[in-house]
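One-letter residues, chain by chain:
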Amino acid sequence: MCAVVIVPVLKQGRNAAPAAGSDIVVAPSRSNEARLEEAMGLARAIDLTIGEGLIVPVNQPRPATLLGSGKIAEIGEKLDQHNAGLVIVDHPLTPVQQRNLEKEWNAKVIDRTGLILEIFGRRASTKEGTLQVELAHLNYQKGRLVRSWTHLERQRGGAGFMGGPGETQIEADRRMLQDKIIKLERELEQVVRTRQLHRAKRRKVPHPIVALVGYTNAGKSTLFNRITGAGVLAEDMLFATLDPTLRRMKLPHGRTVILSDTVGFISDLPTHLVAAFRATLEEVLEADLILHVRDMSDPDNAAQAGDVLRILSDLGIDDKEKSERIIEIWNKIDRLEPEMHDALLQKAETRENVMTVSAITGEGVDRLLDVISQRLSGVLTETTIVIPADKQALISWAYENAVVDGREDHEDGSVSLDVRLTARQADELDRKLGSGQKAEKEDWER
């Protein structure tokens, strides 16, 4: 289907600067061209053909149509010129505005929220993802029934012999919709409980969790595949992947961690999508380390980073935690010109918690893995443990959960292991062995 994409630019809108003396910190605003390019990228993500992309100044938003009559007529001519049957408006539309614009243009109209929902609906592959998207879509459609149906003014007969006005069709449809929403919310509650059980099991076998976050199309899935060797879908496309993926992997020094790839973030993410995907995004809250992947080849990357940090704040990760738990990954440096490439590497050297990589070529990935290992190993304790002959199963537990640096087998069948492990792992092992079986090794050297 051919579509025309328009980006309304409101003079008093979301890009307005804060008042003088305000304490509000605003991330760098996007250029109108960047907004248009992103909107067209979203449209291409569902295989639409773009007839034309337009930046439309709006001096005074109209309650009925958002746009003025002159702009509506001008866009109508563009639709006829390209024989387009779809208009994508990169701005929230009320149900009334959406219906009126469809009448004016005789074409289907969807706003930014509807477009993102359409993409998510196509990308969801697991039961959980499908439930989340369906719930968000129903909440979005609840206020738009007046546009979607032609029979909504009909009335059903009232109860009893006297009849009466009864229930209008729109009321019945809204009630049915609400029933479906309640049913989906219950199913998602079960998903949340299941995730909590999985997290509880991971705590019992406490592998550190490393989560990848970032703006959509920043290269998270490509980096995930590079590090783990997994076959996660990774394309140069907005929202190429939607469902979260977790993989167990070993770091260079032998420690096992769980790497989590999450859904990409985007500016103006619809509220009901954030709510629906909270169960998924909460995986980030459990992470010991968060890798914030940025596409440094995108001129708009500073504004994108601001959107990601805002969503992390909404999830409950405060500024102190950000400095302690987040490493910025400056990705796609292979796309930069040599001068910019070298300048970026020098800039990263002066910044704390910043790494430069190319997930495509592998440049910087080995160094990144070393840094991850060092960050997670900073809380390791060097210890010698003695495993008696009747508890040999704990040897495999130690190799799986700790970094084993040395081993000595004794004649009585017991085994001494020189290990590095976290305080939580040490307590768990001490409990398995029984008190008095663990000894601290002083001034241990490899």
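Residues numbered from 1 in each chain as written. Predicted model: local features only at pLDDT ≥ 70, side-chain atom pairs only at ≥ 80, totals over all residues. Heavy atoms only, no water.

An unreviewed UniProt entry annotates the protein as GTPase HflX originating from Ciceribacter selenitireducens ATCC BAA-1503. According to its UniProt record, the protein has this under Subcellular location (unreviewed entry): "Cytoplasm". (UniProt positions renumbered as here; feature names shortened; annotations may be inferred.)

Visitor: Looking at this structure, how should I read the overall build of the protein?
Guide: The helix and strand tally for the protein stands at 16 helices and 14 strands. Here the protein holds 446 residues, and 49% of them are scored as buried. In the protein, 69% of the contacts between residues at least 6 apart in sequence involve partners at least 24 apart. On the protein, roughly 22500 Å² of surface is accessible, and the fraction owed to carbon and sulfur atoms is 50%. (Helix = DSSP H or I, 4+ residues; strand = E, 2+ residues; numbered from the N terminus. Buried < 20%, exposed > 50% of the residue type's maximum accessible area, 1.4 Å probe, protein only. Contact = heavy atoms within 4.5 Å. Areas by Shrake-Rupley, 256 points an atom, 1.4 Å probe, with all protein chains shown as cover.)

Visitor: Whenever I open this one, unusual backbone geometry confuses me. Can you help?
Guide: A positive phi angle is found at Lys332, which is not glycine, with a value near 65°. Tracing the backbone through its elements, the reader meets Lys332 in the loop between strand S9 (326–331) and helix H13 (338–349). Phi at Asn353 takes a positive value of approximately 60°, unusual for a residue other than glycine. Tracing the chain through its elements places Asn353 in the loop between H13 and strand S10 (354–356).

Visitor: Please clarify how the packing of helix H4 (residues 112–123) against helix H5 (residues 127–141) should be interpreted in this entry.
Guide: Helix-helix packing is described using two parameters, namely the angle between the two axes and the distance between the axes. Relative orientation of the contacting elements H4 and H5 amounts to 155°, with a least axis distance of 10 Å. Put simply, H4 runs roughly antiparallel to H5. Seen along the crossing, H4 lies across H5 with a hand that is left-handed. Only Val133, Ala136, His137 and Tyr140 of H5 make contact with H4, whose side of the interface consists of Thr113, Gly114, Leu117, Phe120 and Gly121. (Axes fitted to C-alpha atoms, helices over the stretch in contact; angles between N-to-C directions. Parallel < 35°, antiparallel > 145°, perpendicular 65-115°, else oblique. Left-handed = near helix turned anticlockwise from the far one by under 90°.)

Visitor: Sorry if this is basic, but what is going on with the nonpolar core here?
Guide: Side chains of nonpolar character tend, in soluble globular proteins, to be buried together. In this structure, Ile88 and Leu312 are the most contacted members of the largest nonpolar core, which totals 40 residues. When residues of this core are traced back to their parent elements, those giving at least two are strand S1 (2–10), helix H1 (32–44), strand S3 (86–89), H4, strand S5 (209–214), helix H10 (278–285) and helix H11 (301–315). Per-element tally for this core: the top contributor is H1, with 5 residues. If you count residues domain by domain, this core takes at least three from each of domain 1 (2–10 + 27–120) and domain 3 (206–377). Setting aside residues no more than four positions away along its own chain, Ile88 makes contact with Ala3, Val4, Val5, Ile6, Ala43, Leu48, Ile110 and Leu115. Core analysis: the second largest hydrophobic core is formed by 23 residues, Phe224, Met249, Leu289 and Met355 among them. (Core = buried A, V, L, I, M, F, W, Y, C linked by side-chain atoms within 4.5 Å. Domains from an automatic or database assignment.)

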